[in-house]
Amino acid sequence: MRAKLIHTAIGIAALLCSFACVLFACVIGAAPVFEGGKGYEFYMGANSSSLVVPSNNPALDKLLLGKVAGEKAEYENIDIKLLEARFHARLQFIEEACGVTNYYYRSPDLGDCVYVNGYAVNLHIAVSGSRAAAGTPLIFGGI
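Residues numbered from 1 in each chain as written. Predicted model: local features only at pLDDT ≥ 70, side-chain atom pairs only at ≥ 80, totals over all residues. Heavy atoms only, no water.

Undergrad: It is not clear to me how the overall build of the protein chain should be interpreted in this structure. Could you clarify?
TA: Across its full length, the protein chain carries three helices and nine strands. When its helices and strands are written in sequence order, the protein chain yields α-β-β-α-β-α-β-β-β-β-β-β. Per-residue burial for the protein chain yields a buried fraction of 34% across its 143 residues. Taking the contacts inside the protein chain whose residues are at least 6 apart along the sequence as the reference set, 49% of them involve residues at least 24 apart. Counting only carbon and sulfur atoms, one obtains 62% of the accessible surface of the protein chain, whose full area is about 8800 Å². (Helix = DSSP H or I, 4+ residues; strand = E, 2+ residues; numbered from the N terminus. Buried < 20%, exposed > 50% of the residue type's maximum accessible area, 1.4 Å probe, protein only. Contact = heavy atoms within 4.5 Å. Areas by Shrake-Rupley, 256 points an atom, 1.4 Å probe, with all protein chains shown as cover.)

Right, here's the structure in full:
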């Protein structure tokens, strides 16, 4: 009888450990891409511009939303070289329009790419004065 009780307790403990591991993997997988930004947004739908969902709590919201097609964070006075280094990003091209400088990158650390001007892009950084935004795969709605 005692051996059966011990085996049952071990089985329950193994089940709880498995559940904790799955939960941990879900939380890690749902972590926001960008850190320290404000004005966080998620892009939902079949393509990343279908639906924009603003977020004040990106970690919780991303966990609850499930699969997102893209993300964007806004920054004040950020050195874009820090973002380049963080994502091991390679600059594809630069574009300037209406006082905004757009940097398009390809990063091995981020998800699928979209093609812009024939370049594979999955990190977009836009800078205007002291304001900047970073998005993956692209920024929608400007900064």
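Let's pick the thread back up.
Undergrad: Can you help me understand the pattern of salt bridges in this one?
TA: Once the charged atoms of two side chains with opposite charge are near each other, the side chains can pair. Evaluation of the coordinates by the stated rule reveals four salt bridges. Between glutamate 74 and lysine 72 there is a salt bridge; the shortest N-O distance is 3.2 Å. Close ionic contact of lysine 81 with glutamate 84 constitutes a salt bridge, the shortest N to O distance being 3.5 Å. Placement of the pair is lysine 81 and glutamate 84 together in helix α3 (residues 80-86), with a separation of three residues, close to one helical turn. Judged by relative accessible area, which is 16%, glutamate 84 ranks as buried. Ionic contacts of the salt-bridge type, sharing partners, join the residues Glu41, Lys72 and Glu74 into one network. (Salt bridge = Lys/Arg side-chain N within 4 Å of Asp/Glu carboxyl O.)

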